[in-house]
Amino acid sequence: MSGYKSIPFWSWNDELDPEELKEQIRWMKEQGFGGDFMHARGGLKTEYLGKEWFECIDACSKRAMEL
């Protein structure tokens, strides 16, 4: 049943790149995951809750809705 798929705890660290993040979402979809939990971790170089952070959130949300 599709309502019972795994949803990984997706650790975000280093410098975030919206295009790379969207590619990772595509990969998770191909692997059969049912979603993801975006989570900032140690080593994050993109400013947490900054402009670029929210651009990444927006890009990921849109890609998830597309898929």
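Here's a quick rundown of the structure.

**Examining a nonpolar patch on the surface**
- Taken together, the side chains of Ile 7, Phe 9 and Phe 37 present a nonpolar region at the surface, about 320 Å² in accessible area.
- Judged by relative accessible area, which is 55%, Phe 9 ranks as exposed.

**Structural notes on the packing of aromatic side chains**
- The final tally for this structure, using the stated rule, is 4 aromatic pairs.
- Their ring planes at 90° and their centres at 5.5 Å tell us that Trp 10 and Trp 12 sit as a pair that is edge-to-face.
- On the basis of relative accessibility, which here comes to 9%, the residue Trp 10 falls in the buried class.
- With relative accessibility at 1%, the residue Trp 12 sits in the buried group.
- Taking the centre distance of 5.0 Å and the plane angle of 70° together, the rings of Tyr 48 and Trp 53 count as edge-to-face.
- Classification of Trp 53 by relative accessible area gives buried; the value is 7%.
- Through a chain of ring-to-ring contacts, the aromatic side chains of Trp 10, Trp 12, Tyr 48 and Trp 53 assemble into a single cluster.

**With respect to unusual backbone geometry**
- For Asp 14, which is not a glycine, the phi torsion comes out positive at approximately 70°.
- Residue position: Asp 14 is located in strand β1 (residues 9–14).
- Of the residues examined, Asp 14 reaches a relative accessible area of 39% and is grouped as partly exposed.

Analysis parameters
- Along each chain, residue indices are assigned from 1 in the same order as the chain's sequence is written.
- Thresholds applied to this predicted model are a pLDDT of at least 70 for local features of residues and 80 or more for the giving and counting of side-chain atom pairs; totals over whole chains, interfaces and linings are not thresholded and use all residues.
- To get the side-chain values, take all heavy atoms of the structure and skip hydrogens and water.
- In this analysis, a patch consists of residues with relative accessible area above 30% that form no salt bridge, clustered at 9 Å for like charges and at 5 Å for the nonpolar side chains Val, Leu, Ile, Met, Phe, Trp and Tyr.
- Using a 1.4 Å probe, accessible areas were evaluated by the Shrake-Rupley method; residue-level cover was limited to the displayed protein chains.
- Should a side-chain nitrogen of Lys or Arg be within 4 Å of a carboxyl oxygen of Asp or Glu, the pair is scored as a salt bridge.
- Each residue's exposure class comes from its accessible area (1.4 Å probe, protein chains only) as a fraction of the maximum for that residue type: buried when under 20%, exposed when over 50%, partly exposed otherwise.
- Any two rings among Phe, Tyr and Trp, with Trp reduced to its six-membered ring, count as a pair given centres within 6.5 Å; such a pair is stacked if its planes are under 30 degrees apart, edge-to-face if over 60, and tilted if neither.
- Each helix corresponds to a stretch of at least 4 residues labelled H or I by DSSP, and each strand to a stretch of at least 2 residues labelled E; elements are numbered beginning at the N terminus.

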